[in-house]
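# Descriptive analysis of the structure
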Amino acid sequence: MTEPVGVDAGGGSSQRGQRILIVDDEAGIRDSLETLLTLEGFHVDLAVDGNQGLDQLTRKTYDLLLLDLALPGESGIDLLPRIKTLVPEMPVILITAYGTVGNVVDAIRAGASNFVQKPWDNEKLLADIRSAIGKNKAEQEVVLLKRTLKQRVSFENIVGKSEPMLKLFDLVAQVAPSRSTVLIQGESGTGKELIAKAIHQHSTRRDKPFIPVNTGAVPSELLESTLFGHERGAFTSAVAAKKGLFEVADGGTLFLDEIGTMQMDMQAKILRVLQDKRFMHVGGTSEIQVDVRIVAATNVNLEQAVKEGRFREDLFYRLNVISLHLPPLRTRKEDIPLLANHYLKYYAEENGFSQLELSGEALRVMMDYEWPGNVRELENAMERGVVLANGPQITPELLPTQIRGNTYSTNLLEQRPDASLFDVIEDIERRIIADRLERCNWNQTEAAEFFRVPLSTLNQKIKRLNIEVKKRGRD
């Protein structure tokens with residue numbers, strides 16, 4: 001980690017401790033820039049191409065990147081979106097011998113802070129570097145100050161530094177102290193229950209119960225009794241009276257997860273409780289009054305469900321007093337390194353490992369993946385990696401096959417640069433079949449049905465591709 005950018009007595013930025021990464025394939029250019037910047041007090045690291053540069057960015061924090069436009073493989077402009085996803089706040093200056101207007105426009109649109117043409121003027125280059133670092137420092141200080149003033153609460157169990165998550169934290173901090181009903185919407189695995197807990201923990205109800213219930217997991221015939229309780233003899237198995245979760249949560253918060261799956265008759269009963277704060281036990285005759293805050297969550301589009309007649313419009317408006325939306329992980333990829341390291345540390349400690357880290361290649365594979373299972377899928381991937389690790393690093397081979405699936409041909413070409421197109425295709429076929437076999441618990445019949453081929457054909461391919469078929473585990 002670099003030291004914070006300092007400010008000298010004269011108000012200008014001090015470069016002491018500032019670290020700069022130079023990515024350029026020309027040794028002479030790298031040497032010249034390294035000499036110039038080192039003499040000016042900067043710490044300098046070098047990379048010869050985009051892959052090496054991305055690897056450095058996953059390992060260290062830099063105050064600025066000097067990036068050559070004409071790199072072998074991906075150009076500097078092509079690399080910029082990936083760089084800005086990985087480290088969005090870091091300024092990037094592109095250096096090139098081709099300083100056309102089109103290049104300048106493309107560079108700025110892609111996220112570059114500035115554009116310097118070869119051969120450069122040393123003093124101007126240094127001035128541009130100091131200006132970019134100083135401007136970025138000032139912007140980050142303003143953001144930090146705003147967050148400090150606006151966000152008076154902490155979210156210890158929720159990891160994220162992306163703009164959508166920071167805005168969500170601000171909104172949670174604002175709505176938590178109120179008594180209003182909250183509807184949390186988002187895909188499965190995004191962490192809706194964690195947000196619900198944060199709302200409760202930072203409300204005036206924090207000393208009272210937080211009661212979660214997955215309404216989609218409770219059979220509809222039992223849900224009413226679960227929520228409202230029952231009297232003895234109300235139904236066959238009701239051998240004793242029992243409180244419902246509304247009573248248990250009295251004074252606190254009741255979290256109704258997956259409320260979009262609730263049957264219409266139960267929706268009507270929930271609506272009455274929201275309106276009147278009263279209900280009766282199943283089989284009871286006396287009304288019970290409670291003071292419960294409702295936080296509901298769903299991965300269903302409730303507005304669409306209302307239009308289709310699957311969800312009551314009046315209940316939707318009762319729940320949707322304050323609406324929070326949890327973004328999917330694929331739209332906030334800058335949070336992936338934070339989340340990966342968070343879960344890596346957690347499961348390493350849980351399993352008694354020390355000094356375990358994520359390799360740069362594994363992180364790049366994770367950054368390229370779309371994460372349909374969101375944060376929950378990432379957590380599972382880290383737990384798997386820790387359990388299977390037999391060295392100091394989590395490498396791509398330790399990640400689930402669906403995550404590293406888009407690196408099939410890359411892996412082969414890295415191992416065998418002379419591999420032919422047919423070798424690459426065979427490698428992809430081998431990995432796809434092995435992946436499906438693993439997902440089917442090594443049930444070859446089920447895998448053959450998935451691929452819509454006879455079992456004999458699949459077995460021939462397994463033999464030809466030299467795929468090791470593992471012993472089936474218990475279902």
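Computed from a predicted structure; not experimentally measured. In every chain, residue numbers begin from 1 and rise along the written sequence. Local features in this predicted model are restricted to residues of pLDDT 70 or higher, and side-chain atom pairs are both shown and tallied only at a pLDDT of 80 or more, whereas totals for entire chains, interfaces and linings draw on every residue. In computing side-chain properties, one takes all heavy atoms of the structure into account and sets aside hydrogens as well as water.

## Looking at the overall build of the protein chain
What counts, and what does not: Only DSSP runs of H or I with at least four residues qualify as helices, and only runs of E with at least two residues qualify as strands; both kinds are numbered from the N terminus onward. The buried label goes to any residue with under 20% of its type's maximum accessible area, the exposed label to any with over 50%, and the partly exposed label to all in between, with areas taken from a 1.4 Å probe on protein chains only. When checking whether two residues touch, look at their non-hydrogen atoms; a contact exists if any pair is within 4.5 Å. Here the open area of atoms and residues is found with the Shrake-Rupley method and a 1.4 Å probe, where only the protein chains shown may cover a residue.
Regarding its fold elements, the protein chain presents 20 helices and 18 strands. Burial statistics for the protein chain: of 475 residues in total, 47% are counted as buried. Taking all contacts inside the protein chain whose residues are at least 6 apart in sequence as the whole, residues at least 24 apart take part in 69%. Carbon together with sulfur atoms contributes 50% to the accessible area of the protein chain, which is approximately 24700 Å² in total.

## Some words on helix α8 (residues 220-228)
Of the residues making up α8, those classed as buried are L223, S225, L227 and F228. On its buried side, α8 packs onto β9 (210-214), β10 (229-230), α9 (245-248), β12 (253-257), α10 (264-276) and β13 (278-280).

## Concerning the sheet that holds strand β3 (residues 19-23)
Convention followed: At least two DSSP bridges between two strands are required for those strands to pair. Lines fitted to C-alpha atoms define the axes here, with helix axes fitted over just the stretch in contact, and angles between the N-to-C directions of these axes take values from 0 to 180 degrees.
Read from one edge to the other, the open sheet built from five strands follows the order β4-β3-β5-β6-β7, with strand pairing classed as parallel. Either end of the sheet is taken by a strand with one partner, and the two such strands are β4 (43-47) and β7 (114-117). Between one strand axis and the next, the sheet turns through 20° on average, direction left out of account. Inspection of the sheet shows strand β5 (residues 64-68) paired to strand β6 (residues 92-96) by four bridges, in the parallel sense. Across the sheet, residue L66 finds its bridge partner in β6, namely I93. Sheet strands touched by helix α1 (residues 27-39): β3, β4, β5 and β6. Its angle to β4, the strand with the most contacts, is close to 170°.

## Side note on the pattern of salt bridges
Filter applied, for reference: The rule for a salt bridge is simple: a side-chain nitrogen of Lys or Arg has to be within 4 Å of a carboxyl oxygen of Asp or Glu.
Across all of its chains, the model carries 25 salt bridges by this definition. One salt bridge in this structure joins R179 and D291, with 3.1 Å as the shortest N-O distance. One end of the pair, R179, is in the loop between α6 (163-175) and β8 (182-185); the other, D291, is in the loop between β14 (287-289) and β15 (293-298), and 112 residues separate them in sequence. The residue E224 makes a salt bridge to K269 at a minimum N-O spacing of 3.0 Å. Remark: K269 occurs in helix α10 and E224 occurs in helix α8; sequence separation between them is 45 residues.

## Details of the packing of aromatic side chains
Heads up, the rule is: Pairing of aromatic side chains requires ring centres within 6.5 Å, counting the rings of Phe and Tyr and the six-membered ring of Trp. Pairs whose planes differ by under 30 degrees are stacked, by over 60 edge-to-face, and all others tilted. Note on geometry: a ring has a charge over it if NZ (lysine) or CZ (arginine) is within 6 Å of the ring centre and within 35 degrees of the ring normal.
As enumerated under the stated definition, the model contains eight aromatic pairs in all. Where F210 meets F255, the ring centres are 6.2 Å apart and the plane angle is 20°; that geometry is what we call stacked. Taken together, the residues span a long stretch of sequence, with F210 in strand β9 and F255 in strand β12 at a distance of 45 residues. Each of the two residues, F210 as well as F255, counts as buried. One aromatic cluster in this structure is built from F228, F246 and F279. Directly above the aromatic system of F450 lies the positively charged group of R436, at a separation of 3.7 Å from the ring centroid.

## A short note on the pairing of β3
As a general feature of sheets, a regular strand has side chains that alternate between the two faces. Counted residue by residue, β3 has five buried out of five residues, so it is predominantly covered. Burial of the side chains of β3 extends over both faces: R19, L21 and V23 are buried on one face and I20 and I22 on the other. As paired elements, β3 and β5 share four bridges and run parallel to each other. Across the sheet, V23 pairs through a bridge with L67, a residue of β5.

## Points about the packing of helix α13 (residues 336-350) against helix α14 (residues 360-368)
Put simply, the test is: Orientation is classified from the angle alone, with under 35 degrees giving roughly parallel, over 145 giving roughly antiparallel, 65 to 115 giving roughly perpendicular, and any other angle giving oblique. In this scheme the crossing of two helices becomes right-handed for a clockwise turn of the near helix relative to the far one and left-handed for an anticlockwise turn of less than a right angle. The nonpolar class holds Ala, Val, Leu, Ile, Met, Phe, Trp, Tyr, Cys and Pro. Asp, Glu, Lys and Arg form the charged class, and all remaining residues, Gly among them, are polar.
In the contact formed by α13 and α14, the axes pass within 10 Å of each other and the chain directions differ by 125°. Judged by the angle between their axes, α13 and α14 are oblique. Crossing handedness for the pair α13 and α14: right-handed. Along its contact with α13, which presents I336, P337 and A340, the element α14 presents L363, M366 and M367. Tallied by class, the residues present in the contact of α13 with α14 amount to six nonpolar, no polar and no charged.

## Brief notes about the environment of I195
Topologically, I195 is positioned in helix α7 (residues 192-201). Sequence separation between I195 and V172 is 23 residues; the distance between their C-alpha atoms is 7.8 Å. Every residue in contact with I195, bar those within four places of it in the chain, is listed here: I158, L168, V172, I184, L324 and L326.

## Re unusual backbone geometry
The peptide bond linking K118 to P119 adopts the cis configuration, its omega dihedral lying at -10°. Tracing the sequence through the fold places P119 in the loop between β7 and α5 (122-150). One non-glycine residue, K277, adopts positive backbone phi at about 60°. You can see K277 is positioned in the loop between α10 and β13. On the accessibility criterion, K277 (35% relative accessible area) is partly exposed. One non-glycine residue, N374, adopts positive backbone phi at about 60°. Examined against the element boundaries, N374 turns out to sit in helix α15 (residues 374-388).

## Notes on the confidence of the model for the protein chain
Selection rule: Per residue, pLDDT measures the predictor's confidence, with a range of 0 to 100.
Overall, the predicted model of the protein chain reaches an average pLDDT of 84, with 87% of residues at or above 70. Scored below 50 in pLDDT, residues 149-154 makes six contacts in the model with residues more than four places away or belonging to other chains.

## Focus: the sheet that holds β8
Overall, parallel pairing links the five strands, which are arranged β9-β12-β15-β8-β16 in an open sheet. The sheet terminates laterally at β9 and β16 (322-325), the two strands that pair on one side only. On average, each strand axis in the sheet is inclined to that of its neighbour by 20°, with strand direction left out of account. Taken strand by strand, α6 contacts β15 and β16, and its axis lies near 155° from that of β16.

## Considering the layout of surface pockets
Heads up, the condition is: Only protein atoms enter the 1 Å grid used here, on which a cavity is any set of points holding a 1.4 Å probe that cannot leave and a pocket is any open set flanked by protein within 12 Å on both sides along at least five of seven lines; residues with an atom within 4 Å of a point are listed as lining. Grid points are joined across faces, edges and corners, and a volume is the space filled by probe spheres set on the points.
A volume near 570 Å³ is recorded for the second largest pocket. What lines the second largest pocket is a set of 25 residues, among which T190, G191, L194, Y343 and E379 lie closest to the centre. Breaking the lining of the second largest pocket down by element, the ones donating at least two residues are α7, α13 and α15. Considering every element that reaches the lining of the second largest pocket, the biggest residue donor is α7, with five residues. Residues of the lining of the second largest pocket, tallied by class, amount to 10 nonpolar, seven polar and eight charged.

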